[in-house]
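Structure at a glance
Each chain, written out:
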Amino acid sequence: MDIAALELSPDRIYKLLVSTVMPRPIALVSTLNEDGGLNAAPFSFFNVFSNAPPLLVVGIEGNKRADGQSHKDTARNIIARGEFVVNLVSYAMALPMVACAIDFPAGVSEFDQAGFTPRPSKQVAVPGIAESPVSFECRLFSTVSLPFNRSLVTGEIVHLHVADSAIDDKLHVDPDALDLIGRMHGGGWYTRTRDRFEVARMTPAEWQARKRQVGDK
Ligand SMILES: Cc1cc2nc3c(=O)[nH]c(=O)nc-3n(C[C@H](O)[C@H](O)[C@H](O)COP(=O)(O)O)c2cc1C
């Protein structure tokens, strides 16, 4: 089927994008509001895009709640304070992560509801989530404002936390120990990262040899 993107409503394009671009990693973003209150919310329009400088991007929709705010709390807090922490999500964190996306009344802390423990950060004022196997302390690098109060937020990673049980002295990371999850086709569907296979990179000569091997079968 051929589909002209401009002929679809934003809602229908959303459905197509999230059910084709998957799995998507999940950034559980912690931020501080103006009063110093701690906020946490998950975002799967998220990835890393550069290692020098180390940059990640989070896509945040406009606020659809009836609280009079144009932007979600996360976008507002990041833009106001210039700092945030991206916490990656393990299988054990799936349920409390989803709880962080509930529209609680103002003043209710997602950290309390989810049972997450704030972990003091080293280089930013915003705490991370102690239960997360990987956290990136970020400074706001750039913001692109999109229509309907959407924002593309780029963060420069200034400090990394990786669970001791998942990394060795040579910085080799054990993916099974991280046990991260990804978001699938919308709704409440997720996948684990434990079903893997390896295809090594090859030189031109190795590729020619490999093609011959496959052809011989
Ligand atoms: C797994 C998951 C992924 C999500 N991804 C996004 C996303 O990429 N962009 C977005 O705007 N909202 C996303 N949401 C919805 C936000 O988490 C939700 O609107 C949240 O309440 C925003 O909180 P805040 O107002 O404290 O920032 C996602 C929700 C879930 C459960």
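Before going into details, it helps to say that this report is about the structure given with it. Bear in mind that the values here come from a model prediction, so they are computed numbers and not experimental data. (Residues numbered from 1 in each chain as written. Predicted model: local features only at pLDDT ≥ 70, side-chain atom pairs only at ≥ 80, totals over all residues. Heavy atoms only, no water.)

1. Observations concerning the site of the ligand
Heads up, the rule is: Proximity criterion: a residue is near a molecule or strand once any of its heavy atoms comes within 4 Å of it. Within 3.5 Å is the distance limit for a polar contact, defined as a pair of N or O atoms, with the added protein rule that one can donate a hydrogen and the other accept it, and that residues adjacent in sequence qualify only through two side-chain atoms. Only the protein chains shown count as cover for residues, and all accessible areas are computed by the Shrake-Rupley method using a 1.4 Å probe. Working definition: helices are DSSP H or I runs of at least four residues, strands are E runs of at least two. Numbering for both runs from the N terminus. Note on residue categories: nonpolar means Ala, Val, Leu, Ile, Met, Phe, Trp, Tyr, Cys or Pro, charged means Asp, Glu, Lys or Arg, and polar means any other residue, Gly included.
Near the ligand, the surroundings consist of 18 residues, among which Pro42, Phe45, Glu61, Lys72 and Thr74 are the closest. Within the side chain of Asn39, one N or O atom sits 3.0 Å away from an oxygen atom of the ligand. Here the ligand loses 89% of its free accessible area of 650 Å² to cover by the protein chains. Elements supplying a minimum of two residues to the shell around the ligand: strand E3 (38–43), strand E5 (54–60) and helix H2 (73–81). With four residues, the top contributor of residues to the shell around the ligand is E3. Counted by class, the shell around the ligand contains eight nonpolar, four polar and six charged residues.

2. Observations regarding the packing of aromatic side chains
We describe a pair of aromatic rings using the distance from one ring centre to the other and the angle between the two ring planes. Let me state the cut-off plainly: Ring pairs are drawn from Phe, Tyr and Trp, using the six-membered ring of Trp, whenever the two centres fall within 6.5 Å, and their geometry is named by plane angle: stacked under 30 degrees, edge-to-face over 60, tilted for the rest. Burial status follows relative accessibility: with a 1.4 Å probe on protein chains alone, a residue under 20% of its type maximum counts as buried, one over 50% as exposed, and anything between as partly exposed. Only when the NZ atom of a Lys or the CZ atom of an Arg is both within 6 Å of the ring centre and within 35 degrees of the ring normal do we say a charge sits over the ring.
Tallying each qualifying case throughout the model produces one aromatic pair. Relative to Phe45, the ring of Tyr14 has its centre 6.0 Å away and its plane inclined at 40°; by these criteria the two rings are tilted. Remark: Phe45 occurs in the loop between E3 and strand E4 (46–51) and Tyr14 occurs in helix H1 (residues 10–18); sequence separation between them is 31 residues. Residue Phe45 is classed as partly exposed on the basis of its relative accessible area, which comes to 37%. Arg192 extends its terminal NZ or CZ atom over the ring of Tyr91, reaching a point 3.6 Å from the ring centre.

Functional significance is not addressed by these values, which are geometric in nature.
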